[in-house]
Amino acid sequence: MIKKIFYIPLVLSLIILSGCAEDDITLDTSDSINLTETSTSSEEPAEEDSDTTDSSSNSTESDESSTANGILYLVSSTAGKIYRYNDISSLTDESEPDITITSTHFDRPKFVVFNDETDTLYVSNEQANNVLIFENLSSLEGEITPDRILTSEYFDQVTYVALDKENDELYVVNMALGSSMSGTSEGSIVVFENASTVNGEVIPNRTITSDPEFFSPHGIAIDTKSNTLYVADTNNCKVKIFDKASTLNGKHSPDRVLHNPKASNLTECSEDDKLMSQPIDFQILPETDTLILGTRDGNSMFIYDCENGDDCASTIDGFTPPTREISGDNTTLYNAHQIYYHQERDEFYVANLFDKTFLIFRDFSKLDGDVSPDVTITVDDGEERICGVAVDLTR
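Residues numbered from 1 in each chain as written. Predicted model: local features only at pLDDT ≥ 70, side-chain atom pairs only at ≥ 80, totals over all residues. Heavy atoms only, no water.

Draft legend 1. Highlighting the sheet that holds strand β27 (residues 336–342). Read across the sheet, 4 strands follow the order β27-β28-β29-β30 without closing on themselves; strand pairing throughout is antiparallel. Looking at strand neighbours, the two that pair on one side only are β27 and β30 (375–378), the edges of this open sheet. In this sheet, adjacent strand axes meet at a mean angle of 15° when their direction is disregarded. The pairing of β27 with strand β28 (residues 347–352) spans 5 bridges and is classified as antiparallel. By the bridge assignment, Tyr340 is partnered in β28 with Tyr349. (Pairing = 2+ DSSP bridges. Helix = DSSP H or I, 4+ residues; strand = E, 2+ residues; numbered from the N terminus. Axes fitted to C-alpha atoms, helices over the stretch in contact; angles between N-to-C directions.)

In structure tokens, the structure reads:
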């Protein structure tokens, strides 16, 4: 079995925008993918008179897949590097990367999405305003050239990428903040068909905008089971939820909006909205209808566990409080960016931007409150800002 991973995902009036960059700062006036599924991979054609051997081989392959130690990839935005750590299960605070990947094409890479079935990594390359695609990722080392580079006149400060594997579509989020190519601050999401082969200059098949407008959107999640799109409208401090994700096109009002449950009349980011301040990334667990939401300047993780049919990803709306909240000094969450939860291992991974760390929380389904991470890896050679994280648990 091969695990598919969809990656598809917050201070007061002074808001630090997602940029894994020091200059992404604006004065706030209004202001993670991530689905997990399993499928059976195609096997090599069986040779004649080798049924017994093939059966044994297949069993061995299945056992190896289920016990894979896993590979961790961390993306440093400012340094323009990808760090690879072999064997996630053995990581400690002192772990150093086994391999470093660089590319002359990196220009402030940020969020990533990994297709473990094809061993392909998609990277949002914000400053260059494109998406870099690396195939056979597990075999790469040193200076590399992307296998594909996706560009589009519809890109406008590319910040996040997510995959809908069922429909082979790539979602690209345009932050579009002030200095945008369009000359506006309206964020958008553009969707490309044939994600497995898309390359070069391409016009998107769909463009999704919001009424009211997105303001510096970041993380998105696509729940293909319910055909729902979740958008972290970061600088609006809201989560916007849209039905009919697979056909959504043009400007739409969200079907649901998740606000700060501690506020009673929220219209914009404010001190009262600290809990939901700048949502940044998501993970949806369709099997349990669970939503995990990471916030950036709020330095918190909110988990909607759908207990007894309440607080479910498919129904949350308005000022719904989370079932659990991971926050506090012990968590060491500090401007968290990309997140990933592995359900079978019950491990939660966080790229911590400003203090250049990567956190692992084990037994995550039992955690609540001010809890300490089990592993804290520091990556610092002078310029790192850890923004993206990808996990390959099949190798």
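Draft legend 2. Seen up close, the packing of aromatic side chains. Under the defined criterion, the tally for this structure stands at 10 aromatic pairs. For the ring pair Phe155 and Phe192, a centre distance of 5.7 Å and an interplane angle of 70° mean the geometry is edge-to-face. Highlighted residues: Phe155 in the loop between β12 (148–151) and β13 (158–164) and Phe192 in strand β15 (residues 188–193), separated in sequence by 37 residues. Phe192 matches Phe155 in its accessibility class, with the two residues each being buried. The structure contains a cluster of three or more aromatic residues connected by ring pairs, namely Tyr340, Tyr349 and Phe358. We note Arg324 situated over the ring of Phe364; from NZ or CZ to the ring centre the distance is 5.4 Å. (Phe/Tyr/Trp six-rings, centres within 6.5 Å; stacked < 30°, edge-to-face > 60°. Buried < 20%, exposed > 50% of the residue type's maximum accessible area, 1.4 Å probe, protein only. Lys NZ or Arg CZ within 6 Å of the ring centre and 35° of its normal.)

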